[in-house]
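# Structure assessment
Spelled out from the first residue to the last, the chains are:
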Amino acid sequence: FHNTLVRTLSGISSSVINASRFLGAAILAGILVFALHLWRVPPLAFWIILAIEIPNEVLLHFLTIRAFQLSPQSIVGPLSSLSAIFLVPMSYVLLGEVPGLWGFIGVISVVFGVVLLGRKGEVPGRWQAVRNLLAEPGTYYMLGATVSMGVGVSITKYTYQYASPL
């Protein structure tokens, strides 16, 4: 639903859409914090991570919105699954997590599936499917978004050690 909605808003600047989302979320978070009376000031490490993650999330949404505005959803939507390619090494560096055999097979199958998107019903030459994908302007935005997704998921998981369940 979100991607279809973004596509219908293609006449509105992605910066305006992003700012509206951020402002709405900030107001809601502020209301919930004071309404629930459960908030305590987190440690400094939390604020440092937050200072990294907020700009990353803004970048992620800007790139994703722009990708959907510029290219067909059937092309750029599945490209978001490439975030696993960036998530695996980042999870190893930040968290020491190493995926198992099935994890690697999953990443390879995602890459293979994305390359098949570029076939456009034909049997292209060796690299033609990749060239077809790169011909779409939204592809570059979505590839940037996948890097941002990998960073965001890794940082979010890392922050769980600083957050209470409430």
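Residues numbered from 1 in each chain as written. Predicted model: local features only at pLDDT ≥ 70, side-chain atom pairs only at ≥ 80, totals over all residues. Heavy atoms only, no water.

## Observations concerning the packing of aromatic side chains
This structure, assessed with the given rule, holds one aromatic pair. Ring geometry for Phe-62 against Tyr-141: centres 6.5 Å apart, planes inclined by 70°, an arrangement best described as edge-to-face. Linking Phe-62 in helix H3 (residues 44–70) with Tyr-141 in helix H8 (residues 137–159), this pair joins segments that are 79 residues apart in sequence. (Phe/Tyr/Trp six-rings, centres within 6.5 Å; stacked < 30°, edge-to-face > 60°. Helix = DSSP H or I, 4+ residues; strand = E, 2+ residues; numbered from the N terminus.)

## Brief notes about the environment of Tyr-140
Mapped onto the elements, Tyr-140 comes out in helix H8. Taking C-alpha positions, Tyr-140 is 9.3 Å from Val-76, a pair spaced 64 residues apart along the chain. Of the polar contacts made by the side chain of Tyr-140, one reaches the backbone oxygen of Leu-134; its length is 3.2 Å. (Polar contact = N/O pair within 3.5 Å; in protein donor to acceptor, adjacent residues only side chain to side chain.)

## Some details on H3
The periodicity of an α-helix, 3.6 residues per turn, causes residues three or four places apart in sequence to face the same way. With 27 residues, H3 should reach 39 Å at 1.5 Å per residue; the first-to-last C-alpha distance of 40 Å fits that figure. Along H3, the residues that are buried comprise Ile-49, Glu-53, Asn-56, Leu-60, Leu-63, Thr-64, Ile-65, Ala-67, Phe-68 and Gln-69. (Expected span 1.5 Å × (residues − 1). Buried < 20%, exposed > 50% of the residue type's maximum accessible area, 1.4 Å probe, protein only.)

## Quick word on the packing of helix H5 (residues 83–95) against helix H6 (residues 101–117)
Remark: H5 packs on H6, axes separated minimally by 9 Å, with the N-to-C direction vectors making an angle of 150°. Taken together, the axes of H5 and H6 are roughly antiparallel relative to one another. Facing H5, whose interface residues are Ala-84, Ile-85 and Val-88, H6 presents Phe-104, Val-107 and Val-111. Residue classes in the contact of H5 with H6 are distributed as six nonpolar, no polar and no charged. (Axes fitted to C-alpha atoms, helices over the stretch in contact; angles between N-to-C directions. Parallel < 35°, antiparallel > 145°, perpendicular 65-115°, else oblique. Contact = heavy atoms within 4.5 Å. Nonpolar A, V, L, I, M, F, W, Y, C, P; charged D, E, K, R; others polar.)

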